[in-house]
Amino acid sequence: MNTRQQSKLIYSWYGKPLNSDRKLRTSQYTGILITSESTKTEACIQLGDFILVEGVNADQPYVAQLMDLYEDGAQHKRAVVQWFCRLEEIPQNKRKLLKREISAQEVFFDQVLGYDTDIAAETIIKSIMVLPLHLGEELPIITLNREQTFYVRQSWDGKCFKVLSPDTFSKLKEANKKRGVITNSSKAFIPSDILTPVKRETGSVVRSATKSKNPDMEIESKHSTSKSSLAKERHSQRVANNDIKTPTARKKLELNSPTRSKSRLLGCEVLGLLDDDCDSIAPLEPSATKRKVKFPSEILGSPPKIPCSNDKSKSTIETAEERQRFSETMQFSPYTKVKDFSEKDKNLHEKDDILSLVGYQKPSSQIPVLTPRSRRTCAQKTSALIAEQISMLDQEDFQSGSDSSYSSNSEEEEDDDMPCTPEKKPKSSRIFSTPKSSRKSAVHTPAKTPKKTPLQGTPRTPRTPRTPRNATPEIPRRIQAAQEPASVLEEARLRLHVSAIPESLPCREEEFQDIYNFVESKLIDGTGGCMYISGVPGTGKTATVHEVIRCLQQAAENEELPPFQFVEINGMKLTDPHQAYVQILEFLTGQKVTATHAAVLLAKLFSTPGPKRKTTVLIVDELDLLWTRKQNVMYNLFDWPTQKHSKLIILAIANTMDLPERIMMNRVASRLGLTRMSFQPYTYKQLQQIVSSRLKGVKAFEEDAVQLVSRKVAALSGDARRCLDICRRATEICEFARQKRTPEIVRMAHVTEAIDEMFSSPYVNAIRNASLHEQIFLKAILAEFRRAGIEEATVQQIYHHYVALCRVEGLQSPTVSEIMAICSRLGACRLLLVEASNKYLHMRVRLNLSQDDVMYALREE
Amino acid sequence: MRPTARPSSARAPASLREPRIQPMKPSAMNKRKLKESSAESAENISQVQKILRERFCHHCAAGKLFGMEQQYRHLLELLKRTTVHGESNSALIIGPRGSGKTALLNHVLKDLREMKQVRENLLEVHLNGLLQTNDKVALKEITRQLQLENVVGDKVFGSFAENLAFLLEALRKGDRTSSCPILFVLDEFDLFVHHKNQTLLYNLFDISQSAQTPVTVIGLTCRQDILELLEKRVKSRFSHRQIYLTNSFDFKQYIKIFKKQLSLPDEFPDESFAQKWNNNVQHLSEDKTVQAVLQNLFHHTKDLRSLHLLLMLAGSAVTVHHPLLTAADLQEASRHHSTDSKANIVHGLSVLEICLIIAMKHLNEVYDGEPFNFQMVYNEFQKFIQRKAHSMYNFEKPVVMKAFEHLLQLELVQPLERPSVRAQREYLLMKLLLDSSQIMEALQVYPNCPTDVKQWAASSLSWL
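Residues numbered from 1 in each chain as written. Chains lettered and ligands numbered in written order. Predicted model: local features only at pLDDT ≥ 70, side-chain atom pairs only at ≥ 80, totals over all residues. Heavy atoms only, no water.

Here we look at the overall build of chain A
Link 1 in the chain: Within chain A, the regular secondary structure consists of 37 helices and 21 strands.
Link 2 in the chain: Looking at the 861 residues of chain A, the share that counts as buried comes to 59%.
Link 3 in the chain: Look at the contacts in chain A between residues 6 or more apart in sequence, and 72% of them connect residues 24 or more apart.
Link 4 in the chain: Accessible surface, chain A: about 35,200 Å² in total, of which carbon and sulfur atoms supply 53%. (Helix = DSSP H or I, 4+ residues; strand = E, 2+ residues; numbered from the N terminus. Buried < 20%, exposed > 50% of the residue type's maximum accessible area, 1.4 Å probe, protein only. Contact = heavy atoms within 4.5 Å. Areas by Shrake-Rupley, 256 points an atom, 1.4 Å probe, with all protein chains shown as cover.)

And the structure:
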């Protein structure tokens, strides 16, 4: 069967246009029909229904309420929605405000401005259920239907959580009720296929058992499976065809769906059924608890079961009987539906300790069926899931099973049974249950990286390199508390550490403003762009950019700016340039895929428009390390912002000013654009200001001492890190030198010592402390150089001078072995550059420092 | 890790490794008493040898530090601040081989661990450039030593990229006040510089310069030009804290070190023996010949490891018969220590081979060090034979060729280029790896050398 053909979806309006605007050429509708061509299934979604909308992450579709449906002038079907946001969509730091545990099924009434509420109707997946609850109210025990029932207690406006206003609450209640009515009324046009598959199936199974209607059953079971994987296929198809502009390019699903579609041909189809089974049974549970009154009426159809349902042994016998019937059907059908029942029963027996039945439920055909599924871990997980669910309410399970098997008109019953769950249930249950059972659970589990404004202190969102066990790497905590600085000097040292984050970045105000304005304007316009920032190390490039992001996040929180997400990659922290894709994708969606795949997904993500998508600010630090021979990575990075819908702002940071001209191809450099900024090395005044701003309020340094350091560093490199390090070292020297307990401030002498320590050439000192023969050897080298006139000599040549010099000094002349030892010692220190030692006497030697330096070092003595 | 250290212990004479207890031949009188005393002294000797062996072979933290008090204080303060205040730092310990870099670090770490505020409050990661030859291996080793792999669980440790992301994530999570500080010790630091992009160094230094888990990176290297090897971004992140170790002691201190290294500790079981031994050591240090030996060594190298080697050689002479070191022992050891290995090989050559070497020496003199081939050497040898036909047997050419090839195998002669199949062996260009002074010295001690050969060696013109 061709999956793609099969899962082609057609969206059509339900009913006549309510009213149309001639001028705008828009017309409004009350509902939309989603027809799956291949399976001939239709689903109707009405205004006021709660729906799932395709999002960035297919595992986590967005939840929304359908407010309006219309067709715009260009014949595009549009929908206006009221968003609900999941916990994952709320920034990490804001989650604390809730002060309570949030179940995965709880959503928040979204009052954040700035989300696009006008979406393409084609992104609607299906309808679901959202129940409003009061704050204090306990969550109804959701065990079975959890994948498609959501609860809303509070609203979220981007800053704080509020209790639902009575108005909203009643509206939501209303919507739920209304939907119940609508579903009932719309029953008329719902094809009979739109049932929870299992009911239908079991019904058919029973029928086939009694009436031997094999072909019928086969078809239906196909339907149910195809339906179940419909949502997935749809996704994958979209990815593949790209016919409908979805923001979610989800290759991952494709990985899943083929296994499903293939399995359909085999007995493994059971898998799909198995999932359907538990999911479709699941919806019964809440309704059963909630609508106790209704229960008897529907149970009427199956009187014999109810009394038994409490009595487990009896009920299992009943099921055993049932199964016997099934195993009979199994002979007719190649699909061996029995499998899942027996599987289920197995779980049951484990619970009920009725072992006598275990032997019974081992038809010989079961083993071959088992083998293909046992290969798949997901199947095992599914069975575990079933075990869990069944263990929680096996009674209802039986009831429903018996209900459906005994009821001839199961359609009506179903609708009575769960009036709040619309026809599309199988699909919705599918899409939610799959991640659980899929092998990609590792991807699913990590909390989606907060997409709005991440924490202030830690601008980087966690990259979550989670392992399958969901382990979080952590350095052990220290046992004893860290000491706080006790003296002025210690306090100063703490503040002077490069890692200390100052309140503001002095001397980079202009650059800060430029970058801020650039990003802000792009944010407001909702467009993308690139900026290239260059400067030698230690000139505050990264710090300034981070500061800009911090301020922008502040502004976004205060709703002065549209919200954005912030991603940072660092070329030095990547093992390979292509890993950049992986990291960006992981930041954005939490997925972990291979580099090539990530590149495809990102390209899709940035080239397609999506509802609710925020602008992304991407910092690429150490850009030059992303260079590859074909420059693919750079090209892609700078190409995305130019796409119409990308909403991507890139701030690229590197050291060299002319990097675009030097290493980039023309097409890459052209895309990078001309928005450039270069950070000049700090002047001594700026460095002085940086140090004194950090030391504000702490009297630890003499003014002149700071100035000396600043001038020295400014003359050498203008590296602020160096400046701070020297100052820090000076405090140590000062502390080291001071008398007992007398407060001391850092003076010129200390600073000079620190500077000398850091910048003095080690060679001279090394030569002075070398042994006598090593010094003579160096002298011999100088003599040989002078004689030959070239700065290279073999050991043999030097040896002759050496022996002569030893005679002059009155020393015993050493053996050649000793000379070689001396030579290799000096070579290891890199005072000399020497060749490989296997050449022995013919090894060539060169000085690694100037002859003058050697002469100077030797003469002093 | 120290190429020179290990061989020294390996080369230790057998007597030091396995203290030999030589049974004394009991004299007729006082047999039992003598036996007892001999057993006792044997016990003492083996004790002495054990102590000295430990001192010289393992440069352990127990050994004393000489002339590096300031560096010691600097490093101790640095690491103390890391552990107590959670301050991140980076430093390099630079010094020539054998200057005590590792000893200093071990010493500081040992003292640090004994401190109350520090105990159990410091994680250590030791890496060695010779073992962790690339960043991938190094990352795995870091993860292992930080015991983070238990977090990874049963997962086979993933790709290099995952690994790096994992570790960076782990380190980023910490902060100054709450996380346990980590000390990274990078031995043979200069080898880490050659890793691709210096990724590991960049990340370690970057962490040490940002508000993450407090880390201190200590690099040990003998290269003085190490800072020039760092990439500019890595260099900027390095704090430029360099602790230089130079053997800056003079000869008086050297003698003191010699005494300290040889003396027995106070806790030696047999006090009288220890007294005797220590007195002897004191006596030795004042002895002229011993001082001359030490002076010679001191002039050659201030490396304490070569002193250890010398003392090890001397100490191996200590037996029950000969319980105390003498100046002669040291002299003998010094002679061993400074012999020329190539010249030693020459002693074992046949007369024909010696003749060939002399021929080569003359060729070198005539052509001023230009390379020669076998044919030239053979011709030179023939000239000599023709002159002194009565004293030398005229070997046939293949025999001479064989002798020449033996010299090639001994690496006294080295071909300029690899011998190819086409080139005739006679015409391969060669170089002599011996200096003429070495040849003359070797001839001096060569046993039963014909006088003609000696004369020929002295001058190529002797036939005139």
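So, the pattern of salt bridges
Link 1 in the chain: Using the criterion set out here, one finds 40 salt bridges over all chains in the structure.
Link 2 in the chain: Between B:E87 and A:R493 there is a salt bridge, with its nearest N and O atoms 3.8 Å apart. Here A:R493 lies in helix α21 (residues 488-496) and B:E87 lies in the loop between α4 (69-85) and β1 (89-94), a pairing that spans two chains.
Link 3 in the chain: A residue is classified by how much of its surface remains accessible, and B:E87, at 8% relative accessible area, is buried.
Link 4 in the chain: The partner of B:D206 in a salt bridge is B:R237, with the nearest N and O atoms 2.9 Å apart. Of this pair, B:D206 sits in helix α10 (residues 199-208) while B:R237 sits in helix α12 (residues 232-237), placing them 31 residues apart in sequence. Here B:D206 matches B:R237 in class, with each residue buried.
Link 5 in the chain: In the salt-bridge network here, residues are joined through shared partners; they are A:R493, A:D719, A:R722, A:D725, A:R728, A:R729, A:E732, A:E735, A:E757, B:R81, B:E87 and B:R241. (Salt bridge = Lys/Arg side-chain N within 4 Å of Asp/Glu carboxyl O.)

Here's the deal with the sheet that holds β1(B)
All names here are of chain B.
Link 1 in the chain: An order of β2-β3-β4-β1-β5 is seen for the five strands of this open sheet, with the pairing classed as parallel. Looking at which strands have only one partner, the edges of the open sheet turn out to be β2 (123-128) and β5 (242-244). Neighbour-to-neighbour, the strand axes of the sheet open up by a mean angle of 15°, direction not taken into account.
Link 2 in the chain: Where β1 lies against β5, three bridges are found, and the strand directions are parallel. For I93, the partnering residue across the bridge sits in β5 and is I243. (Pairing = 2+ DSSP bridges. Axes fitted to C-alpha atoms, helices over the stretch in contact; angles between N-to-C directions.)

Quick look at the side chain of A:H546
Residues and elements named next belong to chain A.
Link 1 in the chain: Turning to its location among the elements, H546 is positioned in helix α23 (residues 541-557).
Link 2 in the chain: Accessibility expressed as a relative area gives 18% for H546, which makes it buried.
Link 3 in the chain: The residues contacting H546, other than those within four sequence positions of it, are F566, E568 and I619.

Comments concerning the packing of aromatic side chains
Link 1 in the chain: What the rule picks out here adds up to 16 aromatic pairs over all chains.
Link 2 in the chain: Each member of the aromatic cluster is reached from another via a ring pair, and the members are B:F249, B:F251, B:Y254 and B:F298.
Link 3 in the chain: In this structure, A:R667 packs its charged tip against the face of A:Y635, placed 4.6 Å from the ring centre. (Phe/Tyr/Trp six-rings, centres within 6.5 Å; stacked < 30°, edge-to-face > 60°. Lys NZ or Arg CZ within 6 Å of the ring centre and 35° of its normal.)

Structural notes on the environment of A:I776
Link 1 in the chain: In this fold, A:I776 is placed in helix α34 (residues 772-788).
Link 2 in the chain: Once you skip the residues sitting within four places of it in the chain, A:I776 turns out to touch A:Y802, A:L805, A:E809 and A:L811.

Quick look at the packing of helix α35 (residues 795-809) of chain A against helix α36 (residues 816-828) of chain A
All names here are of chain A.
Link 1 in the chain: Taken N-terminus to C-terminus, the directions of α35 and α36 make an angle of 110°; their axes are 11 Å apart at the nearest point. On the basis of their axis angle, the class for α35 and α36 is roughly perpendicular. Remark: the crossing between α35 and α36 carries right-handed chirality. Residues V795, Y799 and Y802 of α35 pack against V816, I819, M820, I822 and C823 of α36.
Link 2 in the chain: Looking at side-chain class alone, the contact of α35 with α36 contains eight nonpolar, no polar and no charged residues. (Parallel < 35°, antiparallel > 145°, perpendicular 65-115°, else oblique. Left-handed = near helix turned anticlockwise from the far one by under 90°. Nonpolar A, V, L, I, M, F, W, Y, C, P; charged D, E, K, R; others polar.)

Brief notes about the sheet that holds strand β21 (residues 844-847) of chain A
Residues and elements named next belong to chain A.
Link 1 in the chain: Read from one edge of the open sheet, three strands run β19-β21-β20, paired in antiparallel fashion. Sheet topology places β19 (793-794) and β20 (832-834) at the edges, where each strand pairs with a single neighbour.
Link 2 in the chain: One ladder, built from two bridges, connects β19 with β21; its direction is antiparallel. For T794, the partnering residue across the bridge sits in β21 and is R844.
Link 3 in the chain: Its contacts with the sheet place α34 against β19, β20 and β21, and it is angled at close to 95° to β21.
Link 4 in the chain: Set on the sheet, α36 makes contact with β20 and β21; between it and β20 the angle comes to about 110°.

What to know about the side chain of B:E353
All names here are of chain B.
Link 1 in the chain: With respect to the helices and strands, the residue E353 is situated in helix α19 (residues 351-367).
Link 2 in the chain: K402 provides the closest opposite charge to the buried, unpaired E353, separated from it by 10.0 Å.
Link 3 in the chain: From its side chain, E353 meets the backbone nitrogen of S350 in a polar contact 2.9 Å long.
Link 4 in the chain: When residues no more than four places from it in sequence are discounted, the contact partners of E353 are A403, H406 and L407. (Lys, Arg positive; Asp, Glu negative; His and termini not counted. Polar contact = N/O pair within 3.5 Å; in protein donor to acceptor, adjacent residues only side chain to side chain.)

Quick notes on helix α14 (residues 271-286) of chain B
Structural remark: α-helix, 3.6 residues per turn; residues separated by three or four positions point the same way.
Residue and element names in this part refer to chain B.
Link 1 in the chain: The first and last C-alpha atoms of α14 sit 23 Å apart over 16 residues, in line with the 22 Å expected at 1.5 Å per residue.
Link 2 in the chain: Three or more residues of α14 are buried, namely F273, A274, W277, N280, V281, L284 and S285. When α14 is viewed along its axis, its buried side chains cluster within an angular range of 140° and face the same direction. Counted as exposed and oriented over 90 degrees from the buried face of α14: E271, S272, Q275, K276 and H283. (Expected span 1.5 Å × (residues − 1). Arc of directions from axis to C-beta.)

Side note on the interface of chain A and chain B
Link 1 in the chain: Residue-level contacts link 81 residues of chain A with 99 residues of chain B.
Link 2 in the chain: At the boundary of chain A with chain B, total buried surface from both sides reaches about 7,800 Å², with 51% on carbon and sulfur atoms.
Link 3 in the chain: Looking at the side of chain A facing chain B, the largest losses of area belong to A:I475, A:R478 and A:M572, adding up to 10% of the total buried there.
Link 4 in the chain: Across the contact surface, chain A and chain B share eight salt bridges.
Link 5 in the chain: The shortest N-O distance in the salt bridge between B:R237 and A:E622 comes to 3.8 Å.
Link 6 in the chain: Where chain A packs against chain B, one counts 34 residue pairs in polar contact (both at pLDDT 80 or more).
Link 7 in the chain: The set of elements that each furnish at least two residues to the side of chain A that touches chain B consists of α21, α24 (579-589), α31 (720-737), α32 (748-759), α33 (762-768), α34, α35 and α36 of chain A.
Link 8 in the chain: Each residue belonging to the side of chain A that touches chain B can be placed in one class, and the counts come to 31 nonpolar, 24 polar and 26 charged. (Buried area = accessible area lost by both parts, 1.4 Å probe.)

Observations regarding helix α6 (residues 135-145) of chain B
Link 1 in the chain: Here α6(B) has its buried residues at B:D135, B:A138, B:L139, B:E141, B:I142 and B:T143.
Link 2 in the chain: Of the residues trailing α6(B), B:Q147 is marked for its positive phi of about 55°.

Observations concerning empty space enclosed by the protein
Link 1 in the chain: By volume, the largest cavity is sized at about 190 Å³.
Link 2 in the chain: A:N769, A:A770, A:E774, A:C829 and B:P96 are, among the 17 residues lining the largest cavity, the residues nearest its centre. (1 Å grid on protein atoms, 1.4 Å probe; cavity = no way out; pocket = protein on both sides within 12 Å on 5 of 7 lines; lining within 4 Å. Points joined across faces, edges and corners; volume = space filled by probe spheres on them.)

Section: the confidence of the model for chain B
Residue and element names in this part refer to chain B.
Link 1 in the chain: On average, residues of chain B carry a pLDDT of 83, and 88% of them reach 70 or more.
Link 2 in the chain: Taken as a whole, residues 1-29 scores under 50 in pLDDT and shows 45 contacts with residues more than four places along the chain or in a different chain.
Link 3 in the chain: Among the prediction metrics, the complex's ipTM stands at 0.87, with pTM recorded as 0.67. (pLDDT = per-residue confidence, 0-100.)

Quick word on unusual backbone geometry
Link 1 in the chain: Phi at A:R830 takes a positive value of approximately 65°, unusual for a residue other than glycine.
Link 2 in the chain: Mapping A:R830 onto the fold places it in the loop between α36 and β20.
Link 3 in the chain: Its identity as a non-glycine residue notwithstanding, B:E188 has a phi of 50°, on the positive side.
Link 4 in the chain: By the secondary structure assignment, B:E188 is in the loop between β3 (182-187) and α9 (189-192).

Let's talk about the pairing of strand β15 (residues 564-570) of chain A
Residue and element names in this part refer to chain A.
Link 1 in the chain: Buried residues dominate β15, accounting for seven of its seven residues.
Link 2 in the chain: The side-chain alternation of β15 yields two buried faces, one formed by F564, F566, E568 and N570 and the other by Q565, V567 and I569.
Link 3 in the chain: Two elements, β15 and strand β16 (residues 615-621), share seven bridges in a ladder whose sense is parallel. When the bridges of β16 are listed, I569 appears paired with V620.

Concerning the environment of A:V163
All names here are of chain A.
Link 1 in the chain: As for its position among the elements, V163 is in strand β13 (residues 161-163).
Link 2 in the chain: Sequence separation of V163 and H134 is 29 residues, and the distance between their C-alpha atoms is 7.9 Å.
Link 3 in the chain: Discounting chain neighbours no more than four positions away, the residues touching V163 are L135, R153, Q154 and S155.

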